[in-house]
Amino acid sequence: MSDAAEPLLRATRLVKEFNVHGGGLLGRTAKLRAVDDVSLEVRAGETLALVGESGSGKSTTARLVARLVDLTSGDIEFAGRPVHALTGKALHAYRSEVQMVFQDPYSSLNPKHSVERIVTAPLVYQKRPVPGGARAFTKALMERVGLNPDHSARFPAQFSGGQAQRIGIARALAVAPKLIIADEAVSALDVSVQAQVINLLRRLQDEEGFSYLFIAHDLAVVRQIATRVAVMSEGRIVETGDRDQVFEEPRDPYTRKLLAAVPRIRPEWDAARRRNEAARLERERQEADR
Amino acid sequence: MTASHEDERPLLRVRGLTVAFPTAAGATEVVKSLDFDLARGGALGIVGESGSGKSMTSLAIMGLLPKGAERTGSIEFDGAELTALKEREMQAVRGDRIAMVFQDPLSSLNPYYTVGTQIAEAYRSHRTGVTRRQARRVAIEAMERVHIRDAARRVDHYPHQFSGGMRQRVMIAMTLSMEPDLIIADEPTTALDVTVQAQILDLLAEIRRDTGAGLILITHDLAVVSEVADHLVVMREGDLVEQGTAERVFCDPREPYTRMLLDAVPRIDDEIGLLKTTTAEEDR
């Protein structure tokens, strides 16, 4: 992807301040700068991972980009047009091009609505026709995210955590967005389920060509999914770069500290496991031949 | 812990441990006949995904199972059968000889008391004839040992005045003040940022080295357990799937479930595309 190409999303000098009340009766209101002069770009078809620890401002940045919270200042351009000042219908239209997937699938899905109602809601809300009818549309989407299409009348509580997250992904796909903002979308999942959902997210991107803004604290997960990485700390982006550059040659001291702290399985153990696994498969093959 | 014949006996010997909840349709077993040992000074990792029964196992050892749970089997701690103890006797073991560190330190600390008061009172409840002044000194020393700077001043602070990582240090200070023989840590770093997690894991390692206490680490995180444990128990849906030295389980996992788990862990230092799962997609 050439740098000259116009990015899908360009956020420039985003600032978000919150009012924080001081203690006591006469406590003064202070301003907390949760996002402090953040600029980023998401290119078409790529995954930009925004990483950082708690309180770094990464989730607030995601919500600013999605226009779920108002900016204090800054500009956002999407597909070449400014979107930071949109209101009313124009804002709704923007929100159909940008979809979010959240960390906790259960709390982001209405427990009283069936999968069919959840998945078609973004279209119904925008008064758009559901292509091919709600039932067929839902079944097709469920199939694409690896869910049993026969379960379209079921409710969120009848699904496991990983399956519920797939429903959230299906809902995001319903409006054929250009950008999906995934906010810690795989963080709450068990490791085996997490791997499946990461693989699903990658496959869907290959098929559809949309972009991800992938918010995560887990650097090992980011390594598996990111094209580029932006590292946030205390409201600022301290480093942005291609995935391999950030992981292999981090420039910022904070990035280095973050990477050094990640627990890892000893590489020599992994290497031994692969050798043993290869030997085991070879033995099984020979036994099968006999 | 000095006599050699004692050193040969495991610190903890669990046999046939089963935890069941009675339901209308009969008892549901959430922990199914576990057998494992923890060597003196050893570090045992119990790993599993949600619903594996790993936390129930730790609560069963502590005698802290929720109401209605039925525990059977044997838990021998330093030669004493814990399942035969009365609640009052178990209270004496708990906190004093076996201490527990939980995932969420905020919910384990009382917001209305200073951390110093809480550490000191926990200590006094297990040690008779200790004055408040002595207990306060123990609290400050324990806080210094977990590297809380300015402990003499911080001892008078309330839990909300500490960050998440510092609160977990306070909890560990509380367990340390008792000089326990066994520390059970249930997802102690899961709620913490990665840089803070690294500090807490270092701290636990340092405590083991200095005090010789045994450690049981309950976790879902295979990378964390690989850095801490010398022995591993892998659990799934209440069953013990596989156990062995950490090196053996990581290098040569015997059970398909363990192999699947190890394949599924995203590696920070590994090439993309190696993320494998046994089934290409989730159960349909």
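See the structure shown above.
Everything in this summary refers to the structure shown in the same document. Bear in mind that the values here come from a model prediction, so they are computed numbers and not experimental data.

## A word on the layout of surface pockets
Of the volumes computed, that of the largest pocket is approximately 1200 Å³. Lining the largest pocket we find 50 residues, and of these His217 and Asp218 of chain A together with Thr190, His220 and Asp221 of chain B sit closest to its centre. Elements that contribute at least two residues to the lining of the largest pocket include exactly α6 (191–208) and α7 (219–225) of chain A together with α8 (164–177), α9 (194–211), β8 (214–219) and α10 (222–228) of chain B. Class assignment of the residues belonging to the lining of the largest pocket gives a composition of 20 nonpolar, 16 polar and 14 charged.

## Structural notes on the packing of aromatic side chains
Residues and elements named next belong to chain A. Under the definition given, this model contains 3 aromatic pairs over all chains. Considering the side-chain rings of Phe78 and Tyr94, the 5.3 Å spacing of their centres and the 80° angle between planes classify their relative orientation as edge-to-face. Taken together, the residues Phe78 in strand β4 (residues 73–78) and Tyr94 in helix α2 (residues 88–97) connect sequence positions 16 residues apart. Each member of the pair, Phe78 together with Tyr94, is buried. Their ring planes at 85° and their centres at 5.1 Å tell us that Phe210 and Tyr212 sit as a pair that is edge-to-face.

## Topic: the packing of helix α5 (residues 161–173) of chain A against α6 of chain A
Residue and element names in this part refer to chain A. Where α5 meets α6, the axes come as close as 10 Å, and the angle between the chain directions of the two elements is 15°. If you check the angle between α5 and α6, you find them roughly parallel. Read as a crossing pair, α5 and α6 show a hand that is right-handed. Judged by residue contacts, Gly162, Arg166, Ile169 and Leu173 of α5 engage Val193, Gln196, Val197, Leu200, Leu201 and Leu204 from α6. Classifying every residue of the contact of α5 with α6 by side-chain character gives 7 nonpolar, 2 polar and 1 charged.

Cut-offs used in this document
- Residues numbered from 1 in each chain as written.
- Chains lettered and ligands numbered in written order.
- Predicted model: local features only at pLDDT ≥ 70, side-chain atom pairs only at ≥ 80, totals over all residues.
- Heavy atoms only, no water.
- 1 Å grid on protein atoms, 1.4 Å probe; cavity = no way out; pocket = protein on both sides within 12 Å on 5 of 7 lines; lining within 4 Å.
- Points joined across faces, edges and corners; volume = space filled by probe spheres on them.
- Helix = DSSP H or I, 4+ residues; strand = E, 2+ residues; numbered from the N terminus.
- Nonpolar A, V, L, I, M, F, W, Y, C, P; charged D, E, K, R; others polar.
- Phe/Tyr/Trp six-rings, centres within 6.5 Å; stacked < 30°, edge-to-face > 60°.
- Buried < 20%, exposed > 50% of the residue type's maximum accessible area, 1.4 Å probe, protein only.
- Axes fitted to C-alpha atoms, helices over the stretch in contact; angles between N-to-C directions.
- Parallel < 35°, antiparallel > 145°, perpendicular 65-115°, else oblique.
- Left-handed = near helix turned anticlockwise from the far one by under 90°.
- Contact = heavy atoms within 4.5 Å.

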